[in-house]
Amino acid sequence: MSTQIGMGACCLSGSVHSGTPKGREDNIGGLDTYVSEPQSKSTAKSIVFITDIFGWKFKNVRLLADNYASAGFTCYIPDVHQGDSLPEEFLQSVEPPLKVREQEGIIDKAKETVDIMATLGPWLAKHREGVSEPLISGFVNTVRQIPGTQKVGAIGFCWGGRYAILQAHSPRPEGQVGGVDAAYACHPSLLSIPADFEGLGKPLSIAVGTKDSLLDQKSNEQIKEFLDTSKKDVPTEVRYYEDQVHGFALRSDWSSDKDKKAMDDAEKQGVAWFEKYLS
């Protein structure tokens, strides 16, 4: 039986980080795209970033792409929302930090969920799989055709985490383009378990927080058990980050040493995974 994992207030939580992105904007395959290149300018190892609901212009994801570029990867962040990402104001106004959230009452949490779904419901319908998957797969296909490109990985966050997993399906469904050589999903949401993992054929790494309200421990165990028993021939890993909420790998509160370390460690997890499977 499949378990459906939804999306809630924590998808809209987090902090906007300091720093200035160093990459450039381009148009690739018909999509506006942020591109961050390694010092060597080599496209041999390329990574497609599949964003959360805040999209390709969100500073945090661009800064993270710059870090991956510094590690030797050419990074692409396509606007798969086609100009319709949600505004950053939701980060601060909808979901409080974990220590505040844990003190909230049932009524407060219920109100948050109602308010959020008034915005998220229509957005998710507009950016459903039938619309978004072809855009992502088509972009991956375009990246593969860029001169010098040898292997392509996908890293996804929250909404984009599920699509990173789907890009690791191999062989590809009939008539479907795209497909990557390795994938990394950070706190994915909207998962169907185990259905979204049944087609897995490429290396997959997953990072999730132990306080993630969208991927509770039962769901985590279902994923890990399925991968360990049904995908023994595919390299996989599931890593848990203590006391981290949904979004921690991209939107952690840097005023907390523990939260910043978790985000840094999640970055190291991804870099190590792609160094191993895109080389």
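Per chain, residue numbering runs from 1 following the sequence as it is written. Residues qualify for local features only when their pLDDT is at least 70, as the model is predicted, and side-chain atom pairs are given and counted only at 80 or more; totals for whole chains, interfaces and linings, by contrast, use all residues. For the side-chain quantities, the full set of heavy atoms in the structure was used; hydrogens and water were omitted.

Going by the annotation in an unreviewed UniProt entry, the name recorded for the protein is Dienelactone hydrolase domain-containing protein, with Cyphellophora europaea given as the source organism.

Draft legend 1. Region of the structure containing the packing of helix 1 (residues 59-70) against helix 9 (residues 257-277). For every element, the axis is a line fit to its C-alpha atoms; helices are fit only across the contacting stretch, and the angle between N-to-C directions ranges from 0 to 180 degrees. Numbering goes from the N terminus for both helices and strands, where a helix is a DSSP run of H or I of at least four residues and a strand is a run of E of at least two. At their nearest, the axes of helix 1 and helix 9 sit 11 Å apart, and the two run at 45° to each other. On the basis of their axis angle, the class for helix 1 and helix 9 is oblique. Here the hand of the crossing between helix 1 and helix 9 comes out right-handed. Every residue of helix 9 that contacts helix 1 at Leu-64, Asn-67 and Tyr-68 is listed here: Ala-266, Glu-267, Gly-270, Val-271 and Phe-274. When the residues that make up the contact of helix 1 with helix 9 are grouped by side-chain class, the tally is 5 nonpolar, 2 polar and 1 charged. Orientation is classified from the angle alone, with under 35 degrees giving roughly parallel, over 145 giving roughly antiparallel, 65 to 115 giving roughly perpendicular, and any other angle giving oblique. Two helices that cross are described as forming a left-handed crossing if the nearer one is turned anticlockwise from the farther one by less than a right angle, and a right-handed crossing if clockwise. For this analysis, residues touch if any pair of their heavy atoms sits within 4.5 Å. Under the scheme applied, nonpolar residues are Ala, Val, Leu, Ile, Met, Phe, Trp, Tyr, Cys and Pro; charged residues are Asp, Glu, Lys and Arg; polar residues are all the others, including Gly.

Draft legend 2. Representation of the packing of aromatic side chains in the model. A pair of aromatic rings is counted whenever rings of Phe, Tyr or Trp (Trp by its six-membered ring) have centres within 6.5 Å, and the orientation is called stacked for planes under 30 degrees apart, edge-to-face for over 60 and tilted otherwise. Applying the stated criterion across every chain, the model contains 10 aromatic pairs. Where Trp-273 meets Tyr-277, the ring centres are 4.7 Å apart and the plane angle is 50°; that geometry is what we call tilted. With a gap of 4 residues between them, Trp-273 and Tyr-277 both fall in helix 9, about one helical turn apart. Think of it in three bands: with a 1.4 Å probe and only protein chains considered, a residue is buried below 20% of the maximum accessible area for its type, exposed above 50%, and partly exposed in between. Residue classification places Tyr-277 among the buried residues on the basis of a relative accessible area of 18%. Just above the ring of Phe-73 sits the side chain of Lys-45; from NZ or CZ to the centre is 5.0 Å. We call a charge positioned above a ring when the Lys NZ or Arg CZ atom is no farther than 6 Å from the ring centre and deviates by at most 35 degrees from the ring normal.

Draft legend 3. Region of the structure containing the pattern of salt bridges. By definition, a salt bridge exists where a carboxyl oxygen of Asp or Glu is found within 4 Å of a side-chain nitrogen of Lys or Arg. Scanning the model with the defined rule gives 14 salt bridges in all. As a salt-bridge pair, Glu-37 and Arg-24 come within 3.3 Å of each other at their nearest N and O atoms. Residue Glu-37 is located in the loop between strand 3 (31-36) and strand 4 (45-50), and its partner Arg-24 is located in strand 2 (residues 24-28); the two are separated by 13 residues in the primary sequence. Using a relative accessible area of 31% as the deciding quantity, one classes Glu-37 as partly exposed. Overall, the relative accessible area of 36% leaves Arg-24 in the partly exposed class. Lys-41 serves as the salt-bridge partner of Glu-37, at 3.3 Å between the closest nitrogen and oxygen. One salt-bridge network, in which partners are shared between bridges, spans Arg-24, Asp-26, Glu-37 and Lys-41.

Draft legend 4. Region of the structure containing the side chain of Ser-46. Residue position: Ser-46 is located in strand 4. Pairs of N or O atoms within 3.5 Å make up the polar contacts considered here, provided that, within protein, one atom can donate a hydrogen while the other can accept it, and that residues adjacent in sequence are counted only when both atoms are side-chain atoms. A distance of 2.9 Å separates the side chain of Ser-46 from the backbone oxygen of Thr-43, its partner in a polar contact. Those residues in contact with Ser-46, other than ones at most four positions away along the chain, are Thr-74, Tyr-76, Val-143, Thr-149, Lys-151, Val-152, Gly-153 and Leu-278.

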